[in-house]
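# Residue-level structure breakdown
Residue-level listing of the chains:
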Amino acid sequence: MSPQQKAAAIAGRKGSRPIAALTCYDFPTARLLDEAGVDILLVGDSLGMVVLGFPDTTHVTLDHILHHLEAVARTKPKALVIADLPIHTYNTPQQAVETARKLTAAGADAVKLEGGIRQAEKVRAITAAGIPVCGHLGMLPQRVLEEGGYHKKGKTPAQIRAILEGAEALIDAGVFAIILESVTPASSREITAAISVPTIGIGCGEGTCDGEIAVITDLLGSFPWFVPPFAKPETDVAGATIAAARKYVSRVSGNS
Ligand code: KIV
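Residues numbered from 1 in each chain as written. Predicted model: local features only at pLDDT ≥ 70, side-chain atom pairs only at ≥ 80, totals over all residues. Heavy atoms only, no water.

### Details of the packing of helix α5 (residues 93–105) against helix α6 (residues 120–128)
Put simply, α5 and α6 touch, their axes get as near as 8 Å, and they point 45 degrees apart. Here α5 lies oblique to α6, going by the angle between them. Pair α5 / α6 crosses with right-handed handedness. For the pair α5 and α6, the contacting residues are Pro-93, Ala-96, Val-97 and Ala-100 in the first and Glu-121, Lys-122, Ala-125 and Ile-126 in the second. When its residues are assigned to classes, the contact of α5 with α6 shows 6 nonpolar, no polar and 2 charged. (Axes fitted to C-alpha atoms, helices over the stretch in contact; angles between N-to-C directions. Helix = DSSP H or I, 4+ residues; strand = E, 2+ residues; numbered from the N terminus. Parallel < 35°, antiparallel > 145°, perpendicular 65-115°, else oblique. Left-handed = near helix turned anticlockwise from the far one by under 90°. Contact = heavy atoms within 4.5 Å. Nonpolar A, V, L, I, M, F, W, Y, C, P; charged D, E, K, R; others polar.)

### What about the site of the ligand?
Around the ligand lies a shell formed by Thr-23, Leu-42, Gly-44, Asp-45, Ser-46, Asp-84, Lys-112, His-136, Ile-179, Glu-181, Ile-202 and Ile-213. In the model, an oxygen atom of the ligand is placed 3.2 Å from a nitrogen or oxygen of the Asp-84 side chain. Side-chain polar atom of Lys-112 to an oxygen atom of the ligand: 2.9 Å apart, as the coordinates give it. With the chains in place, 96% of the 260 Å² that the ligand exposes on its own is no longer accessible. At a threshold of 2 Å from the grid points, most atoms of the ligand map onto the largest pocket. When grouped by side-chain class, the residues that make up the shell around the ligand number 4 nonpolar, 4 polar and 4 charged. (Near = heavy atom within 4 Å. Polar contact = N/O pair within 3.5 Å; in protein donor to acceptor, adjacent residues only side chain to side chain. Areas by Shrake-Rupley, 256 points an atom, 1.4 Å probe, with all protein chains shown as cover. 1 Å grid on protein atoms, 1.4 Å probe; cavity = no way out; pocket = protein on both sides within 12 Å on 5 of 7 lines; lining within 4 Å. Sits in = over half its atoms within 2 Å of the grid points.)

### Description of the packing of aromatic side chains
The tally for this structure, following the rule as stated, stands at 1 aromatic pair. Here Phe-223 and Trp-225 contribute two aromatic rings whose centre-to-centre distance is 5.1 Å and whose plane-to-plane angle is 85 degrees, an arrangement assigned as edge-to-face. (Phe/Tyr/Trp six-rings, centres within 6.5 Å; stacked < 30°, edge-to-face > 60°.)

### A few points about the pairing of strand β7 (residues 199–202)
When a strand is regular, its side chains alternate between the sheet's two faces. Of the two faces of β7, the one lined by Thr-199 and Gly-201 and the one lined by Ile-200 and Ile-202 are each fully buried. Bridging between strand β6 (residues 177–181) and β7 involves 4 bridges; their strand directions are parallel. Looking across to β7, one finds that Glu-181 is bridged to Ile-202. Regarding the hand of the β-α-β motif, the stretch spanning β6, helix α9 (residues 185–194) and β7 is right-handed. (Buried < 20%, exposed > 50% of the residue type's maximum accessible area, 1.4 Å probe, protein only. Pairing = 2+ DSSP bridges. Right-handed = clockwise from strand over helix to strand, strands pointing away.)

### Let's talk about unusual backbone geometry
Although it is not a glycine, Lys-76 sits at a positive phi angle of roughly 45 degrees. Mapped onto the elements of the fold, Lys-76 is located in the loop between α4 (62–73) and β3 (80–84). With phi around 70 degrees, His-88 is a residue other than glycine that occupies positive phi space. One can find His-88 in the loop between β3 and α5.

### Re the environment of Ile-200
Position of Ile-200 relative to the elements: it lies in strand β7. The exposure class of Ile-200 is buried, given its relative accessible area of 1%. Sequence separation of Ile-200 and Glu-181 is 19 residues, and the distance between their C-alpha atoms is 8.4 Å. Apart from the residues within four sequence positions on either side, Ile-200 is in contact with Ile-19, Ala-21, Ile-40, Ala-177, Ile-178, Ile-179, Leu-180, Cys-209, Gly-211, Glu-212 and Ile-213.

### Remarks on a nonpolar patch on the surface
On the surface, Tyr-248, Val-249 and Val-252 cluster together into a nonpolar patch covering about 310 Å² of accessible area. Examined against the element boundaries, Val-252 turns out to sit in helix α11 (residues 237–252). For Val-252, a relative accessible area of 56% translates into the label exposed. (Patch = residues over 30% accessible without salt bridge, like charges linked within 9 Å, V, L, I, M, F, W, Y side chains within 5 Å. Salt bridge = Lys/Arg side-chain N within 4 Å of Asp/Glu carboxyl O.)

### Description of the nonpolar core
If you look at the biggest cluster of nonpolar residues, it comprises 69 residues, and the most contacted ones within it are Leu-103, Ile-126, Phe-176, Ile-178 and Leu-180. It is helix α8 (residues 157–173) that contributes the most residues to this core, 7 residues altogether. Those residues in contact with Leu-180, other than ones at most four positions away along the chain, are Leu-137, Ile-163, Ser-188, Ile-191, Thr-192, Thr-199, Ile-200, Gly-201, Ile-202, Cys-204 and Cys-209. (Core = buried A, V, L, I, M, F, W, Y, C linked by side-chain atoms within 4.5 Å.)

Spatial relationships are all this shows, so hold off on functional conclusions.
See the structure below:
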């Protein structure tokens, strides 16, 4: 399937089968997640926090994303591979297209950027270049410094209206799906019912959107230093890693 067909297939899931998406930053994880039937692998800029050790996503560069995207793309997954446009790499429509082209050359099927009305012209330019675009509304991690932290969205009628207006602008510009982050459950349901493309939620309450996305380390329990309140780990990779490493140290140092 071409990237455009893969993106269209995700768009076609609206109102039918929920979409299961995960972030992914390396080759072995991509192979395993694809084998498990995950629909979307997002090489997200959360990479900066959960892999590279930065305090937030504003430190992530295009080179960081390209390096990890190439590893994920080397698996040639059935899943749709989306790559984030990092902060400061889509300041103008022309720069947005140049960045999106670099990401697709490195193996992305589609790209994602944060924001609504102010990004519509950039989305239009990227989709005109034949590259599928996923939107990202609600809480926007790349704006954490301006907003002074991570705040829940969709709490007031004005906030819901702003998200809906942003969604309509993005849809008009050609997005095939929109990630909704940290929007209240009732507002997520309302927005999901009101718009024509699938919403994929994180921190919005499971079952309130057309799909779910989770950061892979939250699912695996492999980043115990910061666990968001909505995370639902399915295993304890941090605990298993410490236990295995302790056994190894003890075996090698002869104290077993
Ligand atoms: O970078 C990322 O992991 C994301 C998800 C939170 C959706 O954008």
